[in-house]
Amino acid sequence: MAGTASQPVRDGAKAARAVWSRDFALFFTARAVARLGDTMLPVALAAGLLQHGYGAGAVGLAMASTAAAFAGLVVFGGVLADRFSTRRLMIGADLVRLGTQALAAVLFFSGHVVLWQICAIGFANGVASAVFQPGVASTVPRLAADIQGANGAIRVAESAAQLAGPAVAGLLVGFASPGGVFAAHATIYAVSAGCLLLLRLPPLPPGSRAASGHGTRAFRADLVQGWREFLARRWLWSVIAVWCVYMIAVWGPTVPLVATEVVREHGPRAYGLVNSALGAGTVVGGLLALRLRPLRMLRAGAIALVGFAAFPASVGAGLGVPAMAAGAAVAGAGMSFWGVMWATSVQTQVPPDVLNRIHAYDVAGSLAMMPVGQALAGPAAAALGAGHVLLGAGAISFFVCASLLLIPAVRGLVRVEPAAAVSRGTPAETAPSRTRKC
C-alpha cells in the first residue's frame, strides 16, 4: 500500500528533475520576465504617443516597425544562430534592447517625442528580436531532458506574464508616466541578459555540426540548406501552409474584430474580462501540456485547437459577456496546448545543427500572413458585418483543424524522446528507420 501510494510522488519528482535545473531555472526566468515586458510595451506606447498628440495611426506605425523588422529578418537570425553561440547572440540582443528602451524612456521623460525616432527604436528592437528568437528553439532541448515539460512550464509562465503585463503597465502609466514603463522594460532586459550570462549551456549533442565557412556565399548556402531541410519534412511545411490560411481567415480578423465588437457592445471593462479569460485559458492549456503525453502530438494538438472556434463564434453570435469569456478561456487552452505540442515536435524531430534555421522559417511562415488577415478584417466587416466575419472565422477554424488531421504526415507523426532525437541526422521523410512516423 505504502509503495503504491509513493509511486506517483516518485514519478512526479523524477519528472521535475527532468525539467528543472539551475540552468533551466535561469532560462525560464529570462523568458518569463521578457514576456512580461513585451506585454507592457503596447500600453506604454499607446499611452505615451497619445499624450504627445499622436493618433492611433502613429501607434500602429510604431508597432508595425518592430513587427516588420522581426518578420523580415528572423530567417537570417536563424542562420546566425546556427553559425555562432546562441547564448551570446541572445545576450547581445537583450543588451541592444536594454539600450533602445532606455533611450525611449529618456525621450518620454524629457517630453521630446518624435515619431520617426520611436519607429527607429522599434525597428532596432525588431532586429534584436530576430537575432534572439531562433536560439530559443535549440536552447530548450539542451537544458531539459523532458522537452515537452520544459515547453509547458515556459508556456505557463509566459501566459501568466501576459495576464499581468498590461495591468502592471497601466499602474505604472497611472502613477508614473509612459517613460516609467519604458524604464521598467529596459530593466527587464537587463534581468534577462543577466540570467543568460549566468547560464551554462551543455555542449551540442554528438553528431551536431555548426554551420561553417565565411562570406556571403557561405551565408547564402546555409540559408538555402535551411530551406531544403524545411521542405524535406512534409509534416513541417504542411502545418505552416495550413497556418497561413489560419492567420488570414481566423486569427488575423479575430483579434481586431473581437476588440471592436466587445468594446462597442459591452464596454472596455468587458473586453478586459474577455482578454483575461483568454490568458487564463492559456495557463490551463500549458498545465495540461505538462500532464498529458500523447504519442501523436500534432494529432492531439490539432484536436485541442478545435476549441479556438469558441472565441470568435461566441462574439460573432452576440452572446453575453460570461459566454464570451468562457469561449475565450476554451480558445486559450486549445491554442496553448497546440503550441506546446508543436514546439516540442519541432525541437525533437529536427536535427540540432539546423534547428535554429528551421525554427526561423517556422516563425516567419507562421507570422507572415497575420498582417494580411488584420488588414482584410476591416473591409470584410464593412461588406459582411463583423458578426458574420467572426462566425465565419469560427467555422474556418474547424476547417483548419480538419485539414491538419487529414494530412497523413501530420496526424501520424510519432513523438521522439530526447535520447532518440540526439542521434537524428536525416530528414524525417528520407530516414529509413523513421518513415513509419510520417
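It should be noted that the structure appears before, not after, this text.
Throughout this document, residue positions are counted from 1 along each chain, in the order its sequence is written. Since the coordinates come from a predicted model, pLDDT governs what is reported: local features require at least 70, and pairs of side-chain atoms require 80 or more to be given and counted, while whole-chain, interface and lining totals use all residues. Computation of side-chain values covers all heavy atoms of the structure but excludes hydrogens and water.

A. Representation of the environment of G334 in the model. Going along the chain from the N terminus, every DSSP run of H or I of four or more residues is numbered as a helix, and every run of E of two or more is numbered as a strand. Mapping G334 onto the fold places it in helix α13 (residues 321-349). Judged by its relative accessible area of 5%, G334 is buried. Separated by 52 residues in sequence, G334 and T282 have C-alpha atoms that sit 7.6 Å apart. Here, residues are in contact when the closest pair of their heavy atoms is within 4.5 Å. Sequence-distant contacts of G334, that is, excluding residues within four places in its chain, are made with A304 and L305. Partly exposed describes any residue whose relative accessible area lies between the buried limit of under 20% and the exposed limit of over 50%, with all areas from a 1.4 Å probe on protein chains only and scaled to the type maximum.

B. The pattern of salt bridges, seen in detail. When a carboxyl oxygen of Asp or Glu lies within 4 Å of a side-chain nitrogen of Lys or Arg, that pair is called a salt bridge. Taken as a whole, this structure holds 5 salt bridges when the rule is applied. Between R22 and D23 there is a salt bridge, with the nearest N and O atoms lying 2.6 Å from each other. We classify R22 as partly exposed; its relative accessible area is 40%. According to the relative accessible area criterion, D23 is buried, its value standing at 14%. Put simply, R233 and E229 hold a salt bridge, and the shortest N to O gap is 2.8 Å. The exposure class assigned to R233 is buried, which follows from its relative accessible area of 0%.

C. Representation of the packing of helix α9 (residues 234-266) against helix α14 (residues 355-368) within the structure. Two elements in contact, α9 and α14, have axes separated by 9 Å at closest approach and are oriented at 25°. As far as their axial angle goes, α14 and α9 are roughly parallel. Seen along the crossing, α9 lies across α14 with a hand that is right-handed. Between α9, through L236, I240, W243, C244 and M247, and α14, the contact on the second element is made entirely by I358, D362, G365 and S366. For the contact of α9 with α14, the class distribution of residues is 6 nonpolar, 2 polar and 1 charged. Only the stretch in contact is used when fitting a helix axis, every axis being a line fitted to C-alpha atoms; angles between N-to-C directions are given from 0 to 180 degrees. Roughly parallel means an angle under 35 degrees; roughly antiparallel means over 145; roughly perpendicular covers 65 to 115; every other angle is labelled oblique. Helix crossings are classified by the rotation of the near helix relative to the far one: an anticlockwise turn of less than a right angle makes the crossing left-handed, while a clockwise turn makes it right-handed. Gly is put with the polar residues, along with every residue not named as nonpolar or charged; the nonpolar set is Ala, Val, Leu, Ile, Met, Phe, Trp, Tyr, Cys and Pro, and the charged set is Asp, Glu, Lys and Arg.

D. Main features of the environment of A145. Relative to the helices and strands, A145 resides in the loop between α5 (115-143) and α6 (147-175). Look at A145 and you get exposed, because its relative accessible area is 51%. Note: C-alpha distance between A145 and E417 (272 residues apart in sequence) is 8.8 Å.

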